[in-house]
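Single-letter residue listing:
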Amino acid sequence: MRQLLVLTGSDLLQRARDTSLFIFALVVPLALMSVFNLVFGSIEQLELEPVTVAVSAPADDDMAGVLVEVVRGLKGQAGLDVTVDEVDAGTARDRIDDGDAALALLVPDGFGQAARMGEPTSVEALRGDEAGIEADVVLSVVDGVLEQIGAGAVTARAGLAEGVPPQELADLVGAATSGGPAYTLEQGRASDEQLDYGSSLVAGQAGLFLLFTVGFGVSGLLLERENGTLARLRSMPIPGWVVVASKALVSFVLGVVATAVLLTVGGWLFGAEFGSLPAVAVLVMCASAAATSVMFLIVRVARTSEQAGIATSIVALVLGIGGGAFFPVSATGSLSALLDLNPVSALLRGLGTTSGGGGLGDIGVPVLVMLGFAVVMASVSRLVPDRGVLA
Amino acid sequence: MTDDVLVVDSLVRRFGDLTAVDGVSFRIAPGETYGLLGPNGAGKTTTISMVAGLIAADEGTVTVAGQPMTPRTTGPKRHLGLVPQELAIYPDLTGRENLALFGRLQGLRGAALRGRVEEVLSLIGLADRAKDRSKEYSGGMKRRLNIGIGLLNRPTLLILDEPTVGVDPQSRHAILESVEALSGEGMAVLYTTHYMEEAERLCDRIGIIDSGRLQAEGTRDELVRLIGGVDTIRLGGTGDLAGAADELRRIPGVERVETERRSAVLTVKDAPALVAQVVGTAAAHGVTLADVEISRPDLESVFLHLTGKGLRD
């Protein structure tokens, strides 16, 4: 153990004196974070424009009234500034044509009665040519209200078919349209796995460059051989595994330190919050272990440090991009499951959980993914014929 | 011979179809410098790689200080100092840090480590540059540091693999002097080289290796005798050289005398012992000598005789 620490300490000292490590592990990722933040940072600062909705609804239709009130009630919700103008249908169409309204809702006469009796009815929505995302938000809300009203129509049809008396039928429809959903899903903060863009960028770049950083440690084995020091180490009275283990330890430590610094500095520069320190520390250590395991596979097959460097870059970019280091990545089917096993992706998910307030007890899945990845890679590296430094 | 520091017995190492080392055996006693002399690719480095426990032998055994050496054993490596052919130092560490690192790996610690590091720094003449990173050293200084690391643990067996390759004459001279001093202190030295003059100067015994096989071994004189080697004395001058030739042939040890108009070439058993008598005899017959040249068979001749090729082929 003493010899392992001696070798590891010496290696870390040399890495600390190696400016290329400093540049690759800290300067480049921070620079990239800055560039991406400047280019894409405005996505997060989206400001909704005021939106005018022209509504034509029968005055004596209480169901139509509900719809109008819901739309009117959006004012001040989630940054929306909605103005509802109640006009007749012709004027509503004119407003759209003139560009005075972003959205027009035309509720037909007998809308409420039809809904209660389970008869087909529809609300016509007209979207202005230059309407923005605000109109889409209002439309989606209207769509939701209509779905609920549609539930009432279904209830009415079912009641009629079963011969429910008219008074009871009205009560049932009323309950279906105004009672709200029977079940609600409340998302706790710990299950919120979405980082905001700035935090996602910091975490993604940290995950991507973690792979480059640990590469410095493990490829040191190849450099030892190229520099002749591996032969000298092997002539020392130390077990052979100590040399390999020291490189793994160096990689792990470099990965943990570099990622911790990146998350801290990146968080400070770009306002990212990652939550529980112990949980983040566990995630960073697991990610570093996973990354180190990949590098051992590379060292197994690469004959020179140059080959190892190229392979490291390829693996880092594939895992980094696939894990969402630059932008969110989504897929379906098996590919989606495969992406979920990516350690960078798992790190981001874990940090999403901690940033939402999750603690050690909430990061089990990403931790297991990363440790599982490390075990699989380490096992594979044992099975692959050694063409590299230990051959 | 049980107290031999190194016993190499019937070593074989193959790389695919190539047999790099084929049945090599030799021993080194304490205080003895043994040279493995052979051209590049002869199997010298592969042999010492097995001796140092860097690679495993396919057949045969290596015993260092009475303990079997394999890549997995650590005990015999405590007796070993290896100076690889390539520089094996860390450029981003200072000279002192390089020495301290390898000293710790060899089990030195505390005051003993610090003391030994300073001793070695003085020995290799780097005490005043000990704080500089080794990448800032000259080529000769790096070579000296490379050797110094091999001396840290006061090894029973020091292995030097072509330590003077690519070294300037001044550093080369310093290295050879250091090796002479070390063997004088009782250290067993295994020295590989393809420079005949280094082997002749340093080594008590020499093994001539080629194509993975030890062709012959012994002292320099024993090796020369193997090829029935004789010396030559060439006399240049004026006078009756032909007349002196008959008298020169009568000197015991002179085997043959061939004369030309202004020179005579004598084939003799031991030129240094006979040269005075030869010069005196020639002068007694009125020959005025302008020059006298002695030639002795060297290891190059031996190698050529044994392998049919030169050392630098």
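Keep in mind that what you see is a predicted model, and the values were worked out from it rather than measured.

**Comments concerning the overall build of chain A**
Consideration 1: Summing up its helical and strand segments, chain A has 16 helices and four strands in all.
Consideration 2: Out of the 391 residues belonging to chain A, those deemed buried represent 46%.
Consideration 3: For chain A, the proportion of contacts with a sequence separation of at least 24, taken over those separated by at least 6, is 80%.
Consideration 4: Only carbon and sulfur atoms are counted for the fraction: they give 61% of the accessible area of chain A, which is about 18800 Å².

**Here we look at the environment of G112 of chain A**
Consideration 1: Inspection of the secondary structure puts G112 of chain A in helix α5 (residues 111-117).
Consideration 2: Those residues in contact with G112 of chain A that sit more than four places away from it in its chain are D61 and M63 of chain A.

**Comments concerning the interface of chain A and chain B**
Consideration 1: Each partner contributes to the interface: chain A provides 21 residues, whereas chain B provides 29 residues.
Consideration 2: Contact with chain B buries area across many residues of chain A, yet R17, R232 and P237 of chain A alone supply 32% of it, more than any other trio.
Consideration 3: Seen at the junction of chain A and chain B, the total is one salt bridge.
Consideration 4: Of the charged contacts in the structure, one is a salt bridge between R17 of chain A and E97 of chain B, with a shortest N-O distance of 2.8 Å.
Consideration 5: Our count for the contact surface shared by chain A and chain B stands at seven residue pairs in polar contact (both at pLDDT 80 or more).

**As for the pattern of salt bridges**
Consideration 1: With the rule as written, the count across this model stands at 30 salt bridges over all chains.
Consideration 2: Between E200 of chain B and R220 of chain B there is a salt bridge, and its shortest N-O distance comes to 3.2 Å. Within this pair, whereas E200 of chain B is found in helix α6 (residues 196-202), its partner R220 of chain B is found in helix α7 (residues 220-226), the two being separated by 20 residues in sequence.
Consideration 3: Overall, E200 of chain B belongs to the partly exposed group, its relative accessible area being 28%.
Consideration 4: When the shortest N-O distance is used, the salt bridge between D291 of chain B and R234 of chain B registers 3.1 Å. A residue pair is termed long-range when its members are at least 10 positions apart, and D291 of chain B in strand β14 (residues 288-295) and R234 of chain B in strand β11 (residues 231-238) qualify at 57 residues.
Consideration 5: Accessibility expressed as a relative area gives 33% for D291 of chain B, which makes it partly exposed.
Consideration 6: Salt bridges sharing partners connect three or more residues here, namely D11, R15, E224 and K247 of chain A.

**A few points about a nonpolar patch on the surface**
Consideration 1: A surface patch of nonpolar side chains, about 310 Å² in accessible area, is lined by M1, L5 and L249 of chain A.
Consideration 2: Looking at the element boundaries, L5 of chain A is found in helix α1 (residues 2-16).

**Remarks on the sheet that holds strand β1 (residues 6-15) of chain B**
Residues and elements named next belong to chain B.
Consideration 1: What the four strands build is an open sheet, ordered β2-β1-β4-β5; its pairing is antiparallel. At either margin of the open sheet sits one strand with a lone partner, and together these are β2 (18-28) and β5 (67-68).
Consideration 2: Taken together, the two bridges between strand β4 (residues 59-64) and β5 define a ladder with antiparallel strand orientation. The partner of V64 across the bridge, within β5, is Q67.
Consideration 3: Sheet strands in contact with helix α1 (residues 44-51) are β1, β2 and β4, and its direction is about 120° off that of β1.

**Some points on the packing of helix α12 (residues 277-301) of chain A against helix α16 (residues 364-383) of chain A**
Packed helices, taken two at a time, are described by their axes: the angle between them and the distance between them.
Residue and element names in this part refer to chain A.
Consideration 1: The N-to-C vectors of α12 and α16 enclose an angle of 20°; their axes lie 8 Å apart at closest approach. In this view, α12 runs roughly parallel relative to α16, as classed from their interaxial angle. Crossing angle aside, the handedness with which α12 passes α16 is left-handed. Residues V282, L283, C286, A287, A289, A290, S293, V294, F296, L297 and R300 of α12 pack against P366, V367, M370, L371, F373, A374, M377, A378, V380, S381 and R382 of α16.
Consideration 2: Grouping the amino acids of the contact of α12 with α16 by side-chain chemistry returns 18 nonpolar, two polar and two charged.

**Structural notes on the confidence of the model for chain A**
Consideration 1: When the pLDDT values of chain A are averaged, the result is 79; 85% of them are 70 or greater.
Consideration 2: In the predicted structure, residues 180-192 of chain A sits below a pLDDT of 50 and forms 10 contacts with residues beyond four places in sequence or in another chain.

**Observations regarding the UniProt feature "transmembrane region" (unreviewed entry) in chain A**
Residues and elements named next belong to chain A.
Consideration 1: The sites that UniProt annotates as "transmembrane region" (unreviewed entry) are residues 21-40, 202-223, 244-270, 276-298, 310-331 and 363-384.
Consideration 2: Helix makes up 100% of residues 244-270 and strand 0%, whereas the separation of the span's terminal C-alpha atoms amounts to 38 Å.
Consideration 3: As annotated, residues 363-384 has a helix share of 91% and a strand share of 0%, and its two end C-alpha atoms lie 32 Å apart.

**A short note on the sheet that holds strand β6 (residues 80-83) of chain B**
All names here are of chain B.
Consideration 1: Taken together, the six strands give an open sheet; going across it, the order is β6-β7-β8-β3-β9-β10, and neighbouring strands pair in mixed fashion. Of all the strands in the sheet, just β6 and β10 (213-218) have a single pairing partner and so form its edges. Direction aside, neighbouring strands of the sheet carry axes that sit 15° apart on average.
Consideration 2: Of the pairings in the sheet, the one linking strand β3 (residues 33-37) to strand β8 (residues 188-193) comprises five bridges and is parallel in character. Following the sheet pairing, Y34 is matched in β8 by L190.

**Quick notes on the packing of aromatic side chains**
Consideration 1: In the structure shown here, the tally under the stated rule is three aromatic pairs over all chains.
Consideration 2: Ring centres 5.4 Å apart and planes at 35° place the aromatic pair F209 of chain A and F212 of chain A in the tilted group. In this pair, F209 of chain A and F212 of chain A are both assigned in helix α8 (residues 197-218), three residues apart and thus about one turn of the helix distant.
Consideration 3: Here Y90 of chain B and F102 of chain B contribute two aromatic rings whose centre-to-centre distance is 5.9 Å and whose plane-to-plane angle is 10°, an arrangement assigned as stacked. With a gap of 12 residues between them, Y90 of chain B in the loop between β6 and α2 (95-105) and F102 of chain B in helix α2 connect regions that are remote in the sequence.
Consideration 4: Since its relative accessible area comes to 5%, Y90 of chain B is described here as buried.
Consideration 5: The cationic tip of R232 of chain A hangs over the ring face of F102 of chain B; the distance from NZ or CZ to the ring centre is 5.7 Å.

Calculation rules
Residues numbered from 1 in each chain as written. Chains lettered and ligands numbered in written order. Predicted model: local features only at pLDDT ≥ 70, side-chain atom pairs only at ≥ 80, totals over all residues. Heavy atoms only, no water. Helix = DSSP H or I, 4+ residues; strand = E, 2+ residues; numbered from the N terminus. Buried < 20%, exposed > 50% of the residue type's maximum accessible area, 1.4 Å probe, protein only. Contact = heavy atoms within 4.5 Å. Areas by Shrake-Rupley, 256 points an atom, 1.4 Å probe, with all protein chains shown as cover. Buried area = accessible area lost by both parts, 1.4 Å probe. Salt bridge = Lys/Arg side-chain N within 4 Å of Asp/Glu carboxyl O. Polar contact = N/O pair within 3.5 Å; in protein donor to acceptor, adjacent residues only side chain to side chain. Patch = residues over 30% accessible without salt bridge, like charges linked within 9 Å, V, L, I, M, F, W, Y side chains within 5 Å. Pairing = 2+ DSSP bridges. Axes fitted to C-alpha atoms, helices over the stretch in contact; angles between N-to-C directions. Parallel < 35°, antiparallel > 145°, perpendicular 65-115°, else oblique. Left-handed = near helix turned anticlockwise from the far one by under 90°. Nonpolar A, V, L, I, M, F, W, Y, C, P; charged D, E, K, R; others polar. pLDDT = per-residue confidence, 0-100. UniProt positions renumbered as here; feature names shortened; annotations may be inferred. Phe/Tyr/Trp six-rings, centres within 6.5 Å; stacked < 30°, edge-to-face > 60°. Lys NZ or Arg CZ within 6 Å of the ring centre and 35° of its normal.

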